[in-house]
Amino acid sequence: MPSPKLSAPLEQGGTPTTSPAKAFADVTASDSTLRRFLHGLPGVDAVGLEARAASLGTRSIKTTAKAYAIDLAISMVDLTTLEGADTPGKVRALGAKAVHPDPTDRTSPTTAAVCVYPDMVAVAKEAVAGSGVKVASVATAFPAGRAALGVKLADVRDAVAAGADEIDMVIDRGAFLAGDYLKVYDEITAVKEACGTSARLKVIFETGELSTYDNIRRASWLGMMAGADFIKTSTGKVAVNATPANTLLMLEAVRDFRAQTGVQVGVKPAGGIRTTKDAVKFLVLVNETAGQDWLDNHWFRFGASSLLNDLLMQRQKLATGRYSGPDYVTVD
Amino acid sequence: MGSLFEYAPAPESRAVVDIAPSYGLFIDGEFTDSADGKVFKTVSPATEEVLSEVAQAGEADVDRAVKAARKAFASWSALPGAERAKYLFRIARIIQERSRELAVLETLDNGKPIKETRDADLPLVAAHFFYYAGWADKLDHAGFGADPAPLGVAGQVIPWNFPLLMLAWKIAPALATGNTVVLKPAETTPLSALFFADICRQAGLPKGVVNILPGYGDAGAALVGHPDVNKVAFTGSTAVGKEIARTVAGTSKKLTLELGGKGANIVFDDAPIDQAVEGIVTGIFFNQGQVCCAGSRLLVQESIQDELLDALKRRLSTLRLGDPLDKNTDIGAINSAEQLARITELADKGEAEGAERWSPACEIPSSGYWFAPTLFTNVTQAHTIARDEIFGPVLSVLSFRTPDEAVAKANNTQYGLSAGIWTEKGSRILAVANKLRAGVVWSNTFNKFDPTSPFGGYKESGFGREGGRHGLEAYLDV
């Protein structure tokens, strides 16, 4: 992998002997060493990347494989409401749905989490209490990320104090595009620290704004070196969100990162994944790129709200042999 | 919930194709028995199941077919280009309409995965007919002078690795330029050519313009040697190509040969690694490596050799070998028992000469002809597997230190059909590509085909070009 080399690359699945921050201390020592490292990562050929993502999309998933994929996908959904108009009632409804996604079939798995704004964390926490469903919160001046670091950190602490299990932070895309990588790195490490030991950190790159695949690979490594538990494509608030290609690229990054450091990092595509067919394609990408170790909701998530209903309708179809309709699943 | 994501089998239905128990030769617009009544069987390489019995052409049949083609030539060549184009467009559209049927048929008869016949072969077959249909009324503007004339009767012999695609490469330009055709498909894969004969009838193509003669090498030799054939086009092995060149030498016949290859796929240290790995896989495992322009020699810069090989081995472990009709299959069956024996022999030789052999764990079906994807490391220019064309899923890995060394090693072969360059540096792509003695040089991709792009070789890979404007020249008196 890229230079400078770490002293002792670990076998896949090995236990890291040191934290990424320590392992990459040389890399993050200064702006120039960090830039050299990130720009030394292997390039990405856009045509080839997209062709690979498309060819994996043609895998045919049927019968038992489909049933497995649907349940897996449901268990990976971060059921999300991120609207200015969110109310406690809306969040409670969402929480109830996360716990029992299908009112007609209680064998359905729960979703992985509900994802809300920081001020709704306490409500969400109560709504999913005892179910195992996590509460994720988009802190750090979501979705623009345009606020002072102190404000962002306060946002995070607030959410963590209210009981958030996971923090979804946005990076400062302006700083990244300006080449100010160290600033982005420092912000992520500060947020990671504010998460403490109780909350896992998802770092959102807003790949649509980073615009090139090379940038997405650099951002992925930057995030992982700074201690991200998850790397996430996007906020869902811009034109281009999760795509098979950018998710494939991030899966390659987490795979390579673990091969080199022993640290496993999760991946979360978010925004624009609406159908079961799409979700299954993403699972194929996971299976054939990062591998089976990533095929559970501790390591892979879907940031989506409308996806869940399609998954449930497909699940009902497999169970009954007939398509039901939108009235047989709940509106949020 | 299970712990593994096992894809359920998803075989394409065979019901879309109706294979008759027996087929005749296609001469002068009719299916007919061979003069001596001989037949042979064609089998599915994945299961060894007999698919059909096919009439076997002999010398007398070749003579009949050439006569039919000669008779048809007078009126076909006199048609305005726009009229010939109509027939070609019609054929192209019928191929599109019947593409699922033809894809399944080709997979059954050849053993290659359905995702290749469906997503690569058939779209390209239709595209070639569309492309040359477009040229038929514009030959005056093709750069070969005003009103270039067709040659006459074209005798065409094609291989078994892309049965229908090679047919399209040969027949489409021949018809567009006003020639008539006698084509001999390979003995292991005659079916799609016979279905094509049916498509010619469906399109109302005048009798005798296209004649199809399934048969063995003797029929091919008779066709190539027939005194009333004006043009010979051959795709296949270098040994047979040399034989044909001897036969044709001294006659007025025009000849194009598209023969073997031992393509170098050169990966520089600044390459997009993940995409290079995909390109290496496409380069050598596409159609089980039974591709004349396969990237069968991987030349990797020493500084990234270990990293690249690790990534490649990891990737090969995800390849799925098995039922070619299953949509999830990446690697299908080897075309015939003979070919499997040849691949096995050469791979064993590689091991005996000291190269290190590696294959991913993969289950081999109990019937049919199969060969696991195989990687040889510690290969040098002196090894047989670095020099001889294996025509199977076997990759030889060599290393280099400088661009000059890469070029020298890439060119150090008796072949010269294809090469690949992987680097993020545009100037290096151009510099290296100019020095490679290969008919096709792909950069940051491999095994991409397009009807507009000429294809052909240097040295023992043959001469003449197929595809593109250049492909017209082989069928025109210029």
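Residues numbered from 1 in each chain as written. Chains lettered and ligands numbered in written order. Predicted model: local features only at pLDDT ≥ 70, side-chain atom pairs only at ≥ 80, totals over all residues. Heavy atoms only, no water.

> Can you help me understand the overall build of chain B in this one?
Scanning chain B for helices and strands turns up 14 helices and 20 strands. Taken over C-alpha atoms, the radius of gyration comes to 22 Å for chain B, in line with the 23 Å a tight globule of 478 residues would show. A total of 478 residues make up chain B; the buried ones form 62% of that total. When the accessible area of chain B is evaluated, it comes to approximately 17000 Å², of which 51% is carbon and sulfur surface. (Helix = DSSP H or I, 4+ residues; strand = E, 2+ residues; numbered from the N terminus. Rg over C-alpha atoms; globule rule 2.2 N^0.38 Å. Buried < 20%, exposed > 50% of the residue type's maximum accessible area, 1.4 Å probe, protein only. Areas by Shrake-Rupley, 256 points an atom, 1.4 Å probe, with all protein chains shown as cover.)

> How do you make sense of the domain arrangement of chain B when you look at a structure like this?
Where interface size is quoted, it is often the accessible area lost as the parts come together. All names here are of chain B. Partitioning chain B into domains gives domain 1 (14–259 + 461–477) and domain 2 (264–443). The C-alpha-based centres of domain 1 and domain 2 are spaced at 30 Å. Residue-level contacts link 29 residues of domain 1 with 29 residues of domain 2. Of the roughly 2300 Å² buried between domain 1 and domain 2, counting both surfaces, carbon and sulfur atoms make up 57%. Summed over the shared surface of domain 1 and domain 2, the number is 12 residue pairs in polar contact (both at pLDDT 80 or more). Residue assignment for the side of domain 1 that touches domain 2 shows that the elements contributing at least two residues are helix 3 (99–110) and helix 4 (114–135). In the side of domain 1 that touches domain 2, the residues fall into 11 nonpolar, nine polar and nine charged. (Domains from an automatic or database assignment. Contact = heavy atoms within 4.5 Å. Buried area = accessible area lost by both parts, 1.4 Å probe. Polar contact = N/O pair within 3.5 Å; in protein donor to acceptor, adjacent residues only side chain to side chain. Nonpolar A, V, L, I, M, F, W, Y, C, P; charged D, E, K, R; others polar.)

> Just checking my understanding: could you explain the sheet that holds strand 1 (residues 77–80) of chain A for this structure?
Paired through backbone hydrogen bonds, the strands of a sheet run either parallel or antiparallel to each other. Residues and elements named next belong to chain A. Read across the sheet, eight strands follow the order 7-6-5-4-3-2-1-8 without closing on themselves; strand pairing throughout is parallel. On the outer flanks of this sheet lie strand 7 (266–268) and strand 8 (302–304), each paired with one strand and no other. Pairs of neighbouring strands in the sheet enclose a mean axial angle of 25 degrees, with direction left out of account. Where strand 6 (residues 230–232) and strand 7 come together, three bridges link them in parallel fashion. Bridge pairing in strand 7 links Lys-232 to Lys-268. (Pairing = 2+ DSSP bridges. Axes fitted to C-alpha atoms, helices over the stretch in contact; angles between N-to-C directions.)

> Teacher, can you tell me more about the UniProt feature "domain: Aldehyde dehydrogenase" (unreviewed entry) in chain B here?
Under the feature "domain: Aldehyde dehydrogenase" (unreviewed entry), the UniProt entry names residues 32–477 of chain B. Secondary structure content for residues 32–477 of chain B is 41% helix and 16% strand, while the C-alpha to C-alpha distance between its ends is 33 Å. (UniProt positions renumbered as here; feature names shortened; annotations may be inferred.)

> I tried to follow the packing of aromatic side chains on my own but got confused; where do I start?
For the structure shown, the criterion picks out 25 aromatic pairs over all chains. Considering the side-chain rings of Phe300(A) and Phe302(A), the 5.4 Å spacing of their centres and the 90 degrees angle between planes classify their relative orientation as edge-to-face. Both residues of the pair, Phe300(A) and Phe302(A), belong to the buried class. Grouping aromatic residues by their ring pairs yields a cluster made of Trp169(B), Trp442(B), Phe446(B), Phe449(B) and Phe455(B). (Phe/Tyr/Trp six-rings, centres within 6.5 Å; stacked < 30°, edge-to-face > 60°.)

> I tried to follow the interface of chain B and chain A on my own but got confused; where do I start?
At the interface, 27 residues of chain B touch 32 residues of chain A. Around 2500 Å² of area is buried between chain B and chain A when both sides are counted, 50% of it from carbon and sulfur atoms. For the pair chain B and chain A, the interface holds four salt bridges. Arg59(A) is the salt-bridge partner of Asp330(B), the closest N and O atoms lying 2.9 Å from each other. (Salt bridge = Lys/Arg side-chain N within 4 Å of Asp/Glu carboxyl O.)

> Can you help me understand the pattern of salt bridges in this one?
Pairs can form between side chains of opposite charge once their charged atoms are near each other. Under the definition given, this model contains 51 salt bridges over all chains. The salt bridge involving Lys327(B) is made with Glu12(B); its shortest N-O contact spans 3.9 Å. Taken together, the positions of Lys327(B) in the loop between helix 10 (305–316) and helix 11 (337–352) and Glu12(B) in the segment before strand 1 (22–23) put the pair 315 residues apart, joining distant regions of the chain. Of the two residues examined, Lys327(B) and Glu12(B), each falls in the buried class. Arg201(B) is the partner of Glu30(B) in a salt bridge, and the nearest nitrogen-oxygen pair spans 3.9 Å. One end of the pair, Glu30(B), is in strand 3 (residues 30–32); the other, Arg201(B), is in helix 6 (residues 191–202), with 171 residues separating them in the sequence. The class of Glu30(B) is partly exposed, set by a relative accessible area of 37%. Residue classification places Arg201(B) among the partly exposed positions, given a relative accessible area of 41%. One connected set of salt bridges, linked through shared partners, spans Asp78(A), Glu166(A), Asp168(A), Lys202(A), Lys232(A), Lys268(A) and Arg301(A).

> Help me understand the sheet that holds strand 17 (residues 418–422) of chain B, please; the structure alone is not making it clear to me.
All names here are of chain B. What the seven strands build is an open sheet, ordered 14-15-16-13-12-17-18; its pairing is mixed. Strand pairing shows two members of the sheet lacking a second neighbour, strand 14 (356–358) and strand 18 (440–443), which therefore form its edges. Strand-to-strand twist of the sheet, defined as the mean angle between neighbouring strand axes without regard to direction, takes the value 20 degrees. As paired elements, strand 17 and strand 18 share four bridges and run parallel to each other. Within strand 18, the position partnered with Ile-421 by the bridge is Ser-443.

> Quick question: what am I supposed to make of the packing of helix 2 (residues 31–39) of chain A against helix 9 (residues 181–195) of chain A here?
Each packed pair of helices is defined by two parameters, the angle between the axes and the distance between the axes. Residue and element names in this part refer to chain A. It is at 9 Å that the axes of helix 2 and helix 9 come closest, and there the two elements cross at 95 degrees. As the angle between them shows, helix 2 and helix 9 are arranged roughly perpendicular. In this structure, helix 2 contributes Asp-31, Leu-34, Arg-35, Leu-38 and His-39 to the contact, and helix 9 contributes Tyr-181, Leu-182 and Tyr-185. Classifying every residue of the contact of helix 2 with helix 9 by side-chain character gives five nonpolar, one polar and two charged. (Parallel < 35°, antiparallel > 145°, perpendicular 65-115°, else oblique.)

> Explain the pairing of strand 12 (residues 264–267) of chain B to me, please; I cannot follow it from the model alone.
Consecutive side chains along a regular strand alternate between the two faces of the sheet. Residue and element names in this part refer to chain B. Of the two faces of strand 12, the one carrying Ala-264 and Ile-266 and the one carrying Asn-265 and Val-267 are both buried. Considered for its hand, the β-α-β crossover made up of strand 12, helix 9 (residues 273–285) and strand 13 (residues 297–301) is right-handed. Across four bridges, the pairing between strand 12 and strand 17 is parallel. By the bridge assignment, Asn-265 is partnered in strand 17 with Gly-420. (Right-handed = clockwise from strand over helix to strand, strands pointing away.)

> Sorry if this is basic, but what is going on with empty space enclosed by the protein here?
All names here are of chain B. Within the structure shown, the criterion is met by four cavities of 30 Å³ or more. In this structure, the largest cavity spans a volume of roughly 80 Å³. Arg-297, Ala-410, Thr-413, Ser-418 and Arg-437 are, among the 15 residues lining the largest cavity, the residues nearest its centre. If you list the elements that add at least two residues to the lining of the largest cavity, you get helix 12 (403–411) and strand 17. In terms of residue class, the lining of the largest cavity is made up of seven nonpolar, five polar and three charged. (1 Å grid on protein atoms, 1.4 Å probe; cavity = no way out; pocket = protein on both sides within 12 Å on 5 of 7 lines; lining within 4 Å. Points joined across faces, edges and corners; volume = space filled by probe spheres on them.)

> What should I look at first to understand the layout of surface pockets in this one?
Here the idea is plain: a probe the size of a water molecule rolls over the atoms and shows the empty space left. Space inside the second largest pocket adds up to approximately 1000 Å³. Together, 46 residues line the second largest pocket, and Ser55(A), Thr282(B), Phe286(B), Phe446(B) and Lys448(B) are the ones closest to its centre. For the lining of the second largest pocket, the secondary structure elements donating two or more residues are helix 3 (46–56) of chain A together with helix 4, helix 5 (163–176) and helix 9 of chain B. It is helix 3 of chain A that provides the largest number of residues to the lining of the second largest pocket, a total of seven residues. In the lining of the second largest pocket, the residues fall into 23 nonpolar, 11 polar and 12 charged. Looking at which domains feed residues into the lining of the second largest pocket, each of domain 1 (14–259 + 461–477) and domain 2 (264–443) of chain B supplies at least three.

> So what exactly am I meant to see when it comes to the nonpolar core here?
One broad trend across soluble globular proteins is that nonpolar side chains are buried collectively. Counting 111 residues, the largest nonpolar core has Ile95(B), Phe129(B), Leu167(B), Phe196(B) and Leu312(B) as its most contacted members. Composition of this core by domain shows at least three residues from each of domain 1 (14–259 + 461–477) and domain 2 (264–443) of chain B. Setting aside residues up to four positions removed in sequence, Leu312(B) forms contacts with Val277(B), Ile280(B), Val281(B), Leu298(B), Leu375(B) and Leu395(B). Residues Leu38(A), Tyr68(A), Leu153(A) and Val203(A) belong to the second largest nonpolar core, which totals 105 residues. (Core = buried A, V, L, I, M, F, W, Y, C linked by side-chain atoms within 4.5 Å.)

> Can you walk me through the side chain of Arg52(A) in this structure?
By secondary structure assignment, the location of Arg52(A) is in helix 3. If we skip the residues at most four places from it in the chain, Arg52(A) touches Leu248(A), Glu288(A), Glu278(B) and Arg315(B).

> Is there a simple way to explain the confidence of the model for chain A in this structure?
Scored by pLDDT, chain A has a mean of 93; 95% of the residues are at 70 or more. In the model, residues 1–14 of chain A has pLDDT below 50 throughout and makes 32 contacts with residues more than four positions away in sequence or in other chains. (pLDDT = per-residue confidence, 0-100.)

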